[in-house]
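Okay, here's what each chain looks like letter by letter:
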Amino acid sequence: MKYVDEYRDGALARDIAAAIAAEAQPDRLYAFMEFCGGHTHAISRYGLEDLLPPGLRLIHGPGCPVCVLPVGRIDDAIRLARDPAVTMCTYADMMRVPGSNGASLMKARAAGADIRMIYSSLDAVRIAETEPARQVVFFAIGFETTTPPTAIALRQAMQKGLANFSIFCNHVLTPVAMRAILDDPEPIAIDGFIGPAHVSTIIGTEPYREFAETYRKPVVIAGFEPLDVMQSILMLVRQVNQQRSEVENEYIRAVRPDGNVTARALCAETFEVRENFEWRGLGVVPASALKLRDAYAAFDAEKRFAVHTVHADDNPACECPAILRGRKRPADCKLFGTACTPETPVGACMVSSEGACAAHWTYGRFREHARSAA
Amino acid sequence: MTAKPPRRRLDIRTGRVDMSHGAGGRAMADLVAGIFRDAFANEFLEQGNDQASLPIPAGGRMVMTTDGYVVSPLFFPGGNIGALAVHGTINDIAMAGARPLYLSASFIIEEGFPLADLQRIAGSMGQASRETGVPVVTGDTKVVERGKADGVFIATAGVGLVPEGLALSGDRAEPGDVVILSGSIGDHGVAIMSSRENLAFETAILSDCAALHGLVAAMVDAAGPHLKLMRDPTRGGLAATLNELAHQSGVGFRIQEAAIPVKPQVAAACELLGLDPLFVANEGKLVAVVAEAGADALLAAMRAHPLGREAAVIGHAVADDQRFVQMTTAFGGGRIVDWLSGEQLPRIC
């Protein structure tokens, strides 16, 4: 496959692995956080850990939109979906995320709720157009990458005057979450960040400057292909070794310094920053999420259906919050692989393919067995 | 199928199935005669009884299987539900090393379904049946109210004969055995995806829908007792099949990603849709596990057959209490190939 296979070349990977092994100092540890679930997935799927020296640890970050959505918002979505007038449109990932008391959109659908899995925000607009008797709600989630498509859906709905379309907005912001990780009162040791890929195509490189300059943490923006990740790790090792902390861009084929100006303008016109938003793992983080601007209030599902989110606790045994902060690894959780598997997820990190637990369970759990057998 | 009625012509061009076509009266007799009997024509069906009376071949063991077909859409690049219903059931029979003998076919049709589509589907079944030499000897037709089905659902059952001395079974893989895949994976699933209306994307990929009993016969001849088991990786793809076999046999598998054939268009479509070809359904491929001593002969025989030209050794069985299917990625690292969790693609077959 042209322009994809090039970034999965095993021979090149061995070369980069050799360079990392040669340059990483044997007497020190390197801990790099990959913020994005897309990177977590690539690392597990291609078995990158097998190519890295033992002193180099990758810490999975909170950049999985499905994982960070708190139970209270899942409960809201399930409540909305149970309204007989409502057709809930959602990305498939959200279907199995557990809400309170074991509820999920999947179970709500089996019980009769009209929930449709869609691939594009514009599918939801189309459904609203073709089924005017239904109240179509689009369950919008994601970081800066998925916000512009929601903005376009919003604009289309307004242009078409669709009175039966609304958006349940859960879009969240990456740099704020990175700052929350670093400002944690008990911070974990992080020597640098593998910076977001797709998010950075929108926001550019500038928003990460504070992490390099103020927090003195190197950031290397990397694509989601395995060679991108390997190359970015080598670049991070070099920054650490040379005691530099800069924002570097490995993903130059897609990320411009100023990102996607058009997309950002569109989002700025349609969304504004919320005062507060709760994240699973990070708690309530000020100015960390978006809501619809007043000009679009008619399309705001929270206003149309009077949604008042109530905080709900995670299952107390579930370590998702600590895993999302990078404090624990999936295998540290007592539920991992016992009560919690992709078929019976207790926590959100086991649901999304970008979740740290799902990635480790699906691709990497043989390593524990190999270690315990050794 | 019931006794021969006086035939009246169906309005195939513009007609639709209505409730009377399932009511047991003249309209149903016309439908059976005008569509199914013509399409499937064979001496057993012509007996016209509620059951087919069949000769029992001597020697060996009988195998029997049944399968329901609910694929959406009904017509897809490279096939339709009719051809699938014949090939799929033949393949389930053939995976025992059996020669498929007879099929049954049951149709659950939604009120309003165009007769022209029904004829096209039955025609494909008839063609598949003639090409494979496996007659549809008995059948049933039911009509349900509009909205209670989705066009047409088909259930086929089949019986076949396993030659004396052959005992293929999913529990026979042993450490050291070689795993051979008959060709490229993911074609069927991607062909279906490409024709779903909410996803429409253009690809030249056709479903690999095919009957494998000819290939199987050549394999049984070539490998004899070295051949341990075969399975066709349909729903859940190659990943599900290898996990099933690992659990049934109590072994692990180690496979090489670079050895698994995937067509570039399939790889590209999967990339676009966020799917992994390992989990995507096939309808004309098989996985064989063979003792090492028979692997070369088996591979050569498979490659000599039109449906096994791209056959490849993809790995081997190992001792593993965890029964993991582990894969060395083309990138060089290791990973598990797990069961598919959840529903990747509903109504794929």
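Residues numbered from 1 in each chain as written. Chains lettered and ligands numbered in written order. Predicted model: local features only at pLDDT ≥ 70, side-chain atom pairs only at ≥ 80, totals over all residues.

**Things to note about the overall build of chain B**
Reasoning step 1: Secondary structure summary: chain B contains eight helices and 13 strands in total.
Reasoning step 2: C-alpha atoms of chain B, sized along the principal axes, occupy 65 × 50 × 35 Å.
Reasoning step 3: A burial count over chain B gives 53% of its 349 residues as buried.
Reasoning step 4: For chain B, contacts bridging at least 24 residues in sequence account for 86% of all contacts bridging at least 6. (Helix = DSSP H or I, 4+ residues; strand = E, 2+ residues; numbered from the N terminus. Buried ≥ 20, exposed ≤ 12 C-beta atoms within 10 Å, placed from the backbone. Contact = placed C-beta atoms within 7 Å.)

**Observations concerning the overall build of chain A**
Reasoning step 1: For chain A, the helix and strand inventory stands at 16 helices and 13 strands.
Reasoning step 2: Relative to a compact globule of 374 residues, whose C-alpha radius of gyration would be 21 Å, chain A shows 21 Å and is just as compact.
Reasoning step 3: With respect to the principal axes defined by its C-alpha atoms, chain A has extents near 65 × 45 × 45 Å.
Reasoning step 4: Residue burial in chain A is summarised as follows: out of 374 residues, 53% are buried.
Reasoning step 5: A separation threshold of at least 6 residues defines the contact pool for chain A, and within that pool the share at least 24 residues apart is 77%. (Rg over C-alpha atoms; globule rule 2.2 N^0.38 Å.)

**Section: the interface of chain B and chain A**
Reasoning step 1: Of the residues lining the interface, 20 residues belong to chain B; the matching set on chain A comes to 26 residues.
Reasoning step 2: Secondary structure elements with two or more residues in the side of chain B that touches chain A: α7 (264–273) and β13 (334–336) of chain B.
Reasoning step 3: No other element matches the four residues that α7 of chain B contributes to the side of chain B that touches chain A.
Reasoning step 4: Residues belonging to the side of chain B that touches chain A are distributed by class as follows: eight nonpolar, nine polar and three charged. (Nonpolar A, V, L, I, M, F, W, Y, C, P; charged D, E, K, R; others polar.)

**Thoughts on the confidence of the model for chain B**
It should be kept in mind that the predicted coordinates are not to be read in detail where pLDDT is low.
Reasoning step 1: This prediction gives chain B a mean pLDDT of 93; 95% of its residues lie at or above 70.
Reasoning step 2: Two numbers describe this predicted complex: its pTM, 0.89, and its ipTM, 0.83. (pLDDT = per-residue confidence, 0-100.)

**Structural notes on the domain arrangement of chain B**
All names here are of chain B.
Reasoning step 1: One can read the domain layout of chain B as domain 1 (19–162) and domain 2 (178–336).
Reasoning step 2: Listed per partner, the contact involves 19 residues of domain 1 and 20 residues of domain 2.
Reasoning step 3: Elements represented by at least two residues in the side of domain 1 that touches domain 2 include exactly α2 (81–94), β4 (99–110) and α3 (115–132).
Reasoning step 4: Residue classes in the side of domain 1 that touches domain 2 are distributed as 11 nonpolar, seven polar and one charged. (Domains from an automatic or database assignment.)

**Observations regarding the sheet that holds β4 of chain B**
Residue and element names in this part refer to chain B.
Reasoning step 1: Taken in spatial order, the four strands of this open sheet run β1-β6-β4-β5, and their pairing is mixed. Single-partner strands in this sheet number two, and they are β1 (61–69) and β5 (136–144). On average, adjacent strands in this sheet sit at an angle of 15 degrees to one another, irrespective of strand direction.
Reasoning step 2: Its contacts with the sheet place α3 against β4, β5 and β6 (152–162), and it is angled at close to 175 degrees to β4. (Pairing = 2+ DSSP bridges. Axes fitted to C-alpha atoms, helices over the stretch in contact; angles between N-to-C directions.)

**Some words on the sheet that holds strand β8 (residues 219–221) of chain A**
In sheet architecture, strand pairing relies on hydrogen bonds along the backbone and comes in two forms, parallel and antiparallel.
Residue and element names in this part refer to chain A.
Reasoning step 1: Read from one edge of the open sheet, five strands run β2-β1-β7-β8-β9, paired in parallel fashion. Bordering the open sheet on either side are β2 (56–63) and β9 (247–249), each of which pairs with just one other strand. Pairwise comparison of adjacent strand axes, ignoring direction, gives a mean angle of 25 degrees for this sheet.
Reasoning step 2: Relative to β2, strand β1 (residues 30–36) is paired through six bridges, and the arrangement is parallel. Paired with Phe32 across the bridge in β2 is Leu58.
Reasoning step 3: In the packing of helix α2 (residues 37–45) onto the sheet, contacts are made with β1, β2 and β7 (192–195), and the angle to β1 comes to roughly 120 degrees.

**A word on the nonpolar core**
Reasoning step 1: Counting 231 residues, the largest nonpolar core has Met125, Val152, Ile180, Met219 and Leu298 of chain B as its most contacted members.
Reasoning step 2: Contact partners of Leu298 of chain B, with chain neighbours within four places excluded, come to Ile180, Met219, Ala222, Ala223, Leu227, Ala288 and Val290 of chain B. (Core = buried A, V, L, I, M, F, W, Y, C linked by C-beta atoms within 7 Å.)

**Structural notes on unusual backbone geometry**
Reasoning step 1: With an omega of 0 degrees, the peptide bond between Ser72 of chain B and Pro73 of chain B qualifies as cis.
Reasoning step 2: Secondary-structure assignment places Pro73 of chain B in the loop between β1 and β2 (75–76).
Reasoning step 3: Phi angles above zero are rare outside glycine, and Arg216 of chain A is one such case at about 60 degrees.
Reasoning step 4: Looking at the element boundaries, Arg216 of chain A is found in the loop between α10 (209–213) and β8.
Reasoning step 5: Residues other than glycine seldom take positive phi values, yet Gln243 of chain A does so here, at roughly 50 degrees.
Reasoning step 6: By the secondary structure assignment, Gln243 of chain A is in the loop between α11 (226–241) and β9.

**Here's the deal with the domain arrangement of chain A**
Residues and elements named next belong to chain A.
Reasoning step 1: Split into domains, chain A comes out as domain 1 (1–315) and domain 2 (320–373).
Reasoning step 2: Inter-centroid distance (C-alpha atoms) of domain 1 to domain 2 is 19 Å.
Reasoning step 3: Of the residues lining the interface, 28 residues belong to domain 1; the matching set on domain 2 comes to 22 residues.
Reasoning step 4: Of all elements in the fold, only α2, β2 and α3 (65–68) reach the threshold of two or more residues within the side of domain 1 that touches domain 2.
Reasoning step 5: No other element matches the six residues that α2 contributes to the side of domain 1 that touches domain 2.
Reasoning step 6: Looking at the side of domain 1 that touches domain 2 residue by residue, the classes come out as 13 nonpolar, nine polar and six charged.

**A word on the packing of α2 of chain B against α3 of chain B**
All names here are of chain B.
Reasoning step 1: The contact between α2 and α3 brings their axes to 6 Å, and the two run at 35 degrees. Side by side, α2 and α3 meet where Ile81, Gly82, Ala83, Ala85, Val86, His87 and Ile90 of the first sit next to Ile121, Ala122, Ser124, Met125, Ala128, Ser129 and Thr132 of the second.
Reasoning step 2: When the residues that make up the contact of α2 with α3 are grouped by side-chain class, the tally is nine nonpolar, five polar and no charged.

**Some remarks on helix α4 (residues 71–82) of chain A**
Residues and elements named next belong to chain A.
Reasoning step 1: Look at α4: 16 Å from first C-alpha to last across 12 residues, which is about the 16 Å you get at 1.5 Å a residue.
Reasoning step 2: What α4 keeps buried is the set Val71, Arg73, Ile74, Asp76, Ala77, Ile78, Leu80 and Ala81.
Reasoning step 3: Where the residues of α4 are buried, they touch β3 (86–91), α5 (105–110), β4 (114–118), β5 (135–142), β6 (165–171) and α13 (301–304). (Expected span 1.5 Å × (residues − 1).)

**Quick word on the pairing of strand β10 (residues 287–290) of chain B**
Residue and element names in this part refer to chain B.
Reasoning step 1: The side-chain alternation of β10 yields two buried faces, one formed by Val287 and Val289 and the other by Ala288 and Val290.
Reasoning step 2: In this structure, strand β7 (residues 178–181) lies alongside β10, joined through four bridges in antiparallel fashion. Among the inter-strand pairings, Val179 is bridged to a residue of β10, identified as Val289.
Reasoning step 3: Sheet topology note: the strand β8 (residues 227–231)/β10 ladder contains four bridges and is antiparallel.

**A look at the environment of Arg309 of chain B**
Residue and element names in this part refer to chain B.
Reasoning step 1: By the element assignment, Arg309 lies in the loop between α8 (292–303) and β11 (312–318).
Reasoning step 2: Since 11 C-beta atoms lie within 10 Å of it, Arg309 is described here as exposed.
Reasoning step 3: Separated by 10 residues in sequence, Arg309 and Leu299 have C-alpha atoms that sit 9.4 Å apart.
Reasoning step 4: Leave out the neighbours within four places in its chain, and Arg309 touches Gly183 and Arg303.

**Examining the pairing of strand β11 (residues 276–279) of chain A**
All names here are of chain A.
Reasoning step 1: Residues of β11 alternate between two faces, with Phe277 and Trp279 buried on one and Asn276 and Glu278 left unburied on the opposite face.
Reasoning step 2: Relative to strand β12 (residues 283–286), β11 runs antiparallel, the two sharing four bridges. Looking at β12, one finds that Asn276 is bridged to Pro286.

**Some points on helix α5 (residues 213–223) of chain B**
Reasoning step 1: Residues of α5 of chain B that are buried: His213, Leu215, Val216, Met219, Val220, Ala222 and Ala223 of chain B.
Reasoning step 2: Of the residues trailing α5 of chain B, Gly224 of chain B is marked for its positive phi of about 50 degrees.

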